[in-house]
Amino acid sequence: MAACPSKRQMMSEAINLAVIGGGQMGRALVSGMLAADVVQGDHVRLVDRNPASKQWWATNHPEVVITDLPAAVSDSDVVLLAVKPHGMESVAKQKGRFWNKKLVMSVAAGVSLGSLGQWIGHERVVRVMPNTPCLVGLGACGYCVPEGFPDADIAIVEAMLGAVGISVKVLEKQMDAVTGVSGSGPAYVFLMIEAMADGGVKAGLPRPLAMQLATQTVMGAAKMVAETGRHPGELKDSVASPGGTTIAALATLEHNGFRSAVIEAVAAAANRSRELGG
Ligand SMILES: NC(=O)C1=CN([C@@H]2O[C@H](COP(=O)(O)OP(=O)(O)OC[C@H]3O[C@@H](n4cnc5c(N)ncnc54)[C@H](OP(=O)(O)O)[C@@H]3O)[C@@H](O)[C@H]2O)C=CC1
Ligand SMILES: O=C(O)[C@@H]1CCC=N1
């Protein structure tokens, strides 16, 4: 029986990818794409000014070619811009014919399609808000494109992002909210896991055991929401026995404003994304 084709084999040709900025997000996306076989290491060109970052790539993905911006972009079909938002303009404005209508994907929070197109000099640009779980194939990416963006390019974007998790096409005006929920979201969940483990330690568990239980609990709860289709409120109710332990805990969380703290956190991140866009 023939083996199933990989995602890369399903694309008609191997993708030549330039990555500008190989820090936390660049690493998560590209490592996830390499693991999913949607790109190949020797087809990836990396540009990074940080020596420690370059060392990380040389150690972890020695097949990736580390080079400069003109060479990386010239040799690529797709350019992933993954520097900080305030650094995006100086990268995208670097003059040269090497941009030559390359498909450019920016992951910078707040930076609009209009600014990107203006700086680069063409409109074959995509604005993506990914998150770091792309590293383990469970990313949640929102993306938006300019009007009239070709379907063939959307197919490339979806193949790349779909290989590292879910990808949803949204309106540009929704990108700040996407950032608040899923772009920054992993940090809220990491905080929750850390706090649950702290609580376990306070109640007498060894730290590694408390961490293991907290992590599995978050993973299991997320999977139940995703796979049962039941509302999280209903699933919450099913854990809480009358007069039991869970309702005692839930009452404490409500008393301390847990829900409003999370709602305000998402809104704060969305507002900050708006501010970064100027
Ligand atoms: N981290 C996350 O979870 C997410 C991040 N993003 C977006 O991803 C982008 C990158 O964030 P993140 O990965 O966290 O940042 P990092 O600082 O970890 O990575 C950026 C890397 O790019 C390098 N760099 C900066 N400017 C240049 C340049 N001109 N030429 C070459 N290399 C350069 C940096 O070097 P140096 O250290 O010297 O500055 C650094 O190594 C941001 O725009 C952010 O909004 C989006 C979603 C989630
Ligand atoms: O904190 C930040 O600004 C970036 C964007 C979303 C997640 N990290």
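Just so we're clear, the structure is a prediction, and the values are computed from it rather than from any experiment.

1. Some thoughts on the site of ligand 1
The environment of ligand 1 is made up of 26 residues, and the closest members are Gly21, Gly23, Met25, Asn50 and Ala108. Listing elements by their share of the shell around ligand 1, those giving two or more residues are helix H2 (24–35) and helix H5 (85–92). Of the residues contributing to the shell around ligand 1, the split by class is 12 nonpolar, 11 polar and 3 charged.

2. Let's talk about the nonpolar core
Generally speaking, soluble globular proteins have nonpolar side chains that are buried together. The biggest cluster of nonpolar side chains holds 55 residues, and the ones touching the most others in it are Val19, Ile20, Met33, Leu80, Leu81 and Met105. It is H2 that provides the largest number of residues to this core, a total of 6 residues. When sequence neighbours within four positions are dropped, the list of residues in contact with Leu81 reads Ile20, Gly21, Met88, Val91, Ala92, Val104, Met105, Ser106, Val107 and Ala108.

3. Some thoughts on the domain arrangement of the chain
Split into domains, the chain comes out as domain 1 (7–171) and domain 2 (185–276). A C-alpha centroid distance of 32 Å is found between domain 1 and domain 2. Each side of the interface is counted separately: domain 1 has 6 residues, and domain 2 has 5 residues. Class assignment for the residues of the side of domain 1 that touches domain 2 results in 3 nonpolar, 3 polar and no charged.

4. Some thoughts on helix H7 (residues 151–162)
If you check H7, its first and last C-alpha atoms are 15 Å apart, about what 12 residues at 1.5 Å a residue would give, namely 16 Å. Listed as buried for H7 are Val157, Met160 and Leu161. Along the axis of H7, the buried residues cluster in a sector spanning 90°; they form a single face. Facing away from the buried side of H7 by more than 90 degrees, the exposed set consists of Asp151, Ala152 and Ala155.

5. Describing the sheet that holds strand E6 (residues 125–129)
Spatial ordering of the open sheet is given by E3-E2-E1-E4-E5-E6-E7-E8, a layout of 8 strands whose pairing is mixed. For this open sheet the edge positions go to strand E3 (65–66) and strand E8 (165–169), each flanked by a neighbour on one side alone. Pairing of strand E2 (residues 44–47) with E3 involves 2 bridges; the strand directions are parallel. Looking across to E3, one finds that Arg45 is bridged to Val65. Seen against the sheet, helix H6 (residues 113–120) touches strand E5 (103–106), E6 and strand E7 (139–144) and runs at an angle of roughly 135° to E6.

6. Considerations on the UniProt feature "binding site: NADP(+)" (unreviewed entry) in the chain
Within the UniProt annotation, "binding site: NADP(+)" (unreviewed entry) is assigned to Ile20, Gly21, Gly22, Gly23, Gln24, Met25, Ala82, Val83, Lys84 and Pro85. Look at the named residues: they lie 66 residues apart in sequence, but the longest C-alpha span between them is just 14.1 Å, so in the fold they bunch up. One can find Gly22 in the loop between strand E1 (17–20) and H2. With sequence-adjacent residues up to four places away left out, Gly22 is seen in contact with Arg27, Leu46, Asp48, Ser53 and Trp57.

7. Considerations on the packing of helix H9 (residues 185–202) against helix H10 (residues 207–228)
The contact between H9 and H10 brings their axes to 8 Å, and the two run at 135°. By the angle between their directions, the pair H9 and H10 is classed as oblique. Crossing handedness for the pair H9 and H10: right-handed. Contacts from Val189, Met192, Ile193, Met196, Ala197, Gly200 and Val201 in H9 reach Arg207, Ala210, Met211, Leu213, Ala214, Thr215 and Val218 in H10. A per-class count over the contact of H9 with H10 returns 11 nonpolar, 2 polar and 1 charged.

8. Digging into the packing of helix H8 (residues 175–183) against helix H13 (residues 258–276)
At a minimum axis distance of 7 Å, the contact between H8 and H13 shows a crossing angle of 135°. Considering the angle they form, H8 stands oblique to H13. Once H8 is placed against H13, the crossing between them reads as right-handed. The residues of H13 that touch H8, namely those facing Asp176, Ala177, Thr179, Gly180 and Val181, are Val266, Ala267, Ala269, Ala270, Ser273 and Arg274. For the contact of H8 with H13, the class distribution of residues is 6 nonpolar, 3 polar and 2 charged.

9. Comments concerning the UniProt feature "domain: Pyrroline-5-carboxylate reductase dimerisation" (unreviewed entry) in the chain
The residues that UniProt annotates with the feature "domain: Pyrroline-5-carboxylate reductase dimerisation" (unreviewed entry) are residues 172–276. Taken end to end, residues 172–276 comprises 83% helix and 0% strand; its first and last C-alpha atoms sit 15 Å apart.

Conventions used here
Residues numbered from 1 in each chain as written. Chains lettered and ligands numbered in written order. Predicted model: local features only at pLDDT ≥ 70, side-chain atom pairs only at ≥ 80, totals over all residues. Near = placed C-beta within 6 Å. Helix = DSSP H or I, 4+ residues; strand = E, 2+ residues; numbered from the N terminus. Nonpolar A, V, L, I, M, F, W, Y, C, P; charged D, E, K, R; others polar. Core = buried A, V, L, I, M, F, W, Y, C linked by C-beta atoms within 7 Å. Buried ≥ 20, exposed ≤ 12 C-beta atoms within 10 Å, placed from the backbone. Contact = placed C-beta atoms within 7 Å. Domains from an automatic or database assignment. Expected span 1.5 Å × (residues − 1). Arc of directions from axis to C-beta. Pairing = 2+ DSSP bridges. Axes fitted to C-alpha atoms, helices over the stretch in contact; angles between N-to-C directions. UniProt positions renumbered as here; feature names shortened; annotations may be inferred. Parallel < 35°, antiparallel > 145°, perpendicular 65-115°, else oblique. Left-handed = near helix turned anticlockwise from the far one by under 90°.

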